[in-house]
Structure formats: C-alpha cells, structure tokens
Amino acid sequence: MSAAASEAEALIRTLQLQPHPEGGFFRRTHEDTRLVPNPFATATDDDDDDATRLASTSIHYLLTPASPVGHWHRNKALTYHFLHRGRGRYRLLHPDGRLEEYVVGPDVESGERIMWVVEGGVWKTSAVEDGDGLLLISEVVVPGFEFRDHEFLDWESLVRLVGEQKAAELGRFLKK
Ligand code: GUN
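Each chain has its residues counted from 1, running along the sequence as written. Local features in this predicted model are restricted to residues of pLDDT 70 or higher, and side-chain atom pairs are both shown and tallied only at a pLDDT of 80 or more, whereas totals for entire chains, interfaces and linings draw on every residue. In computing side-chain properties, one takes all heavy atoms of the structure into account and sets aside hydrogens as well as water.

**Looking at the overall build of the protein chain**
Here's step 1: Under the scheme used here, helices are H or I runs from DSSP no shorter than 4 residues and strands are E runs no shorter than 2 residues, and both carry numbers assigned from the N terminus. When its secondary structure is counted, the protein chain shows 2 helices and 11 strands.
Here's step 2: Going residue by residue from the N terminus, the α and β elements of the protein chain occur as α-β-β-β-β-β-β-β-β-β-β-β-α.
Here's step 3: Expected size for 176 residues packed as a compact globule is a radius of gyration near 16 Å; at 17 Å, the protein chain falls within 12% of this value.
Here's step 4: By its C-alpha atoms, the protein chain is 55 × 40 × 35 Å across when sized along the principal axes.
Here's step 5: Exposure categories follow from relative accessible area, calculated using a 1.4 Å probe and restricted to protein chains: below 20% of the type maximum is buried, above 50% is exposed, and the middle band is partly exposed. Classification of the 176 residues of the protein chain by burial places 44% in the buried group.
Here's step 6: Residue contacts are defined here by distance: any two heavy atoms, one from each residue, within 4.5 Å place the two residues in contact. When contacts within the protein chain are restricted to residue pairs at least 6 apart in sequence, those whose partners lie at least 24 apart make up 72%.
Here's step 7: Calculation of accessible area relied on Shrake-Rupley with a 1.4 Å probe; when residues are assessed, cover is drawn exclusively from the protein chains displayed. Of the roughly 9,400 Å² of accessible surface on the protein chain, a fraction of 51% belongs to carbon and sulfur atoms.
Here's step 8: Counted charges follow a simple rule, with Lys and Arg positive, Asp and Glu negative, and His plus the chain ends left uncounted. The location of each charge is read from NZ of Lys, CZ of Arg, CG of Asp or CD of Glu. On the protein chain, the mean spot of the 20 positive side-chain charges and the mean spot of the 29 negative ones are 3 Å from each other. Values of the radius of gyration come from C-alpha atoms, whereas the globule rule sets the reference at 2.2 Å times the count of residues to the power 0.38.

Below, the structure is given as structure tokens:
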C-alpha cells in the first residue's frame, strides 16, 4: 500500500470518517444548534418543517487515493473551506457558465490556497491534485447543511452550462 493510502486509512479510523455521497469521507464535527430562518424558503413555501436551518454545520472532509474525487454538486448555502493536509484542485461552475479552477495546498508562496469560500448556488467539484495523494480539509456551511439544499449536477445541465466540448472534459467529475 502507498504511503498516502495508509495515511488515509489511519485518518479515516482516527477521525471516524464515513463515506460521503459526493465521494471521499466525512464526519460532522460541529453544529450550531441555534435555529435561523431558512433564507432559501420561497414566499409560496408552506412546508413548516423547512422554515428554519441550523445556524451552521461543520465537517472534516477527506479525499483519498481510493476515493479521490468530490463529484459535481451545489449547495444553496455558502461553504467556508480550510486546509489541513495534502493538495487538491477545485473546479467551480458559476450560474453564468464561468469556470473557475484553483489549487488548494500548503504552498501559499506559490499561490495555493489554505482557505477558500464557495458561494451558494455555485457548482463545485474537488479532486486530489497529486497522483497518489490525499486532501484533508474542514468545511463550515452557513446556514447549516441540509440535503434539500443540496443537488448533484447531471450531464444535461453541464452541457447547458458549458457546451458539449467542455462538458466532455468536465463530465468525468459527475457522480455516476
Ligand atoms: N457537506 C458539507 N457539510 C455537510 C454535512 O454536514 N453533511 C453532509 N452529508 N454533507 C456535507
């Protein structure tokens, strides 16, 4: 087993991480249980259960050699990200079709980011940057994470946003 693979196994065990539906592994580490009005509720919403959100939720998130991709998805809430270990590449697709790409890692002198923010409504995919590496981060979602605010990207929407040619390249990060 590679050094990164055994480091990843140890992290999964020590931090008690579970498989994440987006790919990779995670554990919720904190909830601010104060309730705030759901800012994403529409005037026509009469679903009382959906009226509030936790003020914030936090997770550890790990990409590994065996599960190296966080697949295309978006959240209505804003997410703060903080690097702990390793190096990753983020690809973001903005609602206007603009593609943004950057590397997160420890080498701030070379422009790598140790903290990055993804606004609500922006499509996101992440991948381990080094062939056989890992990426360990924390995320804080504000207001708190809810699956009904979460959506995976599909092929048709990707094509609509970036066209066939670019979609052929970015489609490898779609959840199957
Ligand atoms: N992504 C960011 N935060 C969370 C969370 O709390 N739970 C899940 N399942 N995914 C997340």
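**Brief notes about the pattern of salt bridges**
Here's step 1: A carboxyl oxygen of Asp or Glu within 4 Å of a side-chain nitrogen of Lys or Arg is what we treat as a salt bridge. Under the definition given, this model contains 14 salt bridges.
Here's step 2: In this structure, Glu31 engages Arg28 in a salt bridge whose closest nitrogen and oxygen atoms are separated by 2.8 Å.
Here's step 3: Judged by relative accessible area, Glu31 falls into the partly exposed class, the value being 37%.
Here's step 4: Residue classification places Arg28 among the partly exposed positions, given a relative accessible area of 30%.
Here's step 5: Between Arg53 and Asp149 there is a salt bridge, and its shortest N-O distance comes to 2.7 Å. Residue Arg53 is found in strand 3 (residues 52-63), and its partner Asp149 is found in the loop between strand 10 (135-142) and strand 11 (150-152); the two are separated by 96 residues along the sequence.

**Overview of the environment of Gly121**
Here's step 1: Along the chain, Gly121 turns up in the loop between strand 8 (115-118) and strand 9 (123-128).
Here's step 2: Between the C-alpha atoms of Gly121 and Tyr90, which are 31 residues apart in sequence, the distance is 15 Å.
Here's step 3: When residues no more than four places from it in sequence are discounted, the contact partners of Gly121 are Arg74, Asn75, Lys76 and Pro95.

**Notes on the site of the ligand**
Here's step 1: Whether a residue is near a molecule or strand depends on its heavy atoms: if one lies within 4 Å, it is near. In the vicinity of the ligand, the residues found are His20, Phe26, Arg28, Ile59, Glu139, Val141, Phe145 and Phe147.
Here's step 2: A 3.5 Å cut-off defines polar contacts: any pair of N or O atoms within that distance qualifies, except that in protein one atom must be a possible hydrogen donor and the other a possible acceptor, and neighbouring residues in sequence count only when both atoms are side-chain atoms. Within the side chain of His20, one N or O atom sits 2.7 Å away from a nitrogen atom of the ligand.
Here's step 3: Protein chains bury 94% of the 280 Å² of accessible surface belonging to the ligand in isolation.
Here's step 4: For the shell around the ligand, the secondary-structure elements that each account for two or more residues are strand 2 (25-37) and strand 10.
Here's step 5: Of the residues contributing to the shell around the ligand, the split by class is 5 nonpolar, 1 polar and 2 charged. Polar here means any residue outside two lists: the nonpolar Ala, Val, Leu, Ile, Met, Phe, Trp, Tyr, Cys and Pro, and the charged Asp, Glu, Lys and Arg; Gly therefore counts as polar.

**Some details on the sheet that holds strand 6 (residues 88-93)**
Here's step 1: A pair of strands is considered paired only if DSSP assigns at least 2 bridges between the two. Strand order in the open sheet made by the 5 strands is 7-6-9-4-11, with antiparallel pairing throughout. The sheet is open, and its two borders are formed by strand 7 (99-104) and strand 11, each paired with just one other strand. Strand after strand, the sheet turns through a mean of 25° between neighbouring axes, direction not considered.
Here's step 2: Inspection of the sheet shows strand 4 (residues 69-75) paired to strand 11 by 3 bridges, in the antiparallel sense. Opposite His73, over in strand 11, you have Phe152 as the bridge partner.
Here's step 3: In this analysis, axes come from line fits to C-alpha atoms, helices being fitted only over the stretch in contact, and the angle between any two N-to-C directions falls in the range 0 to 180 degrees. Taken strand by strand, helix 2 (residues 155-170) contacts strand 4, strand 6, strand 7 and strand 9, and its axis lies near 145° from that of strand 6.

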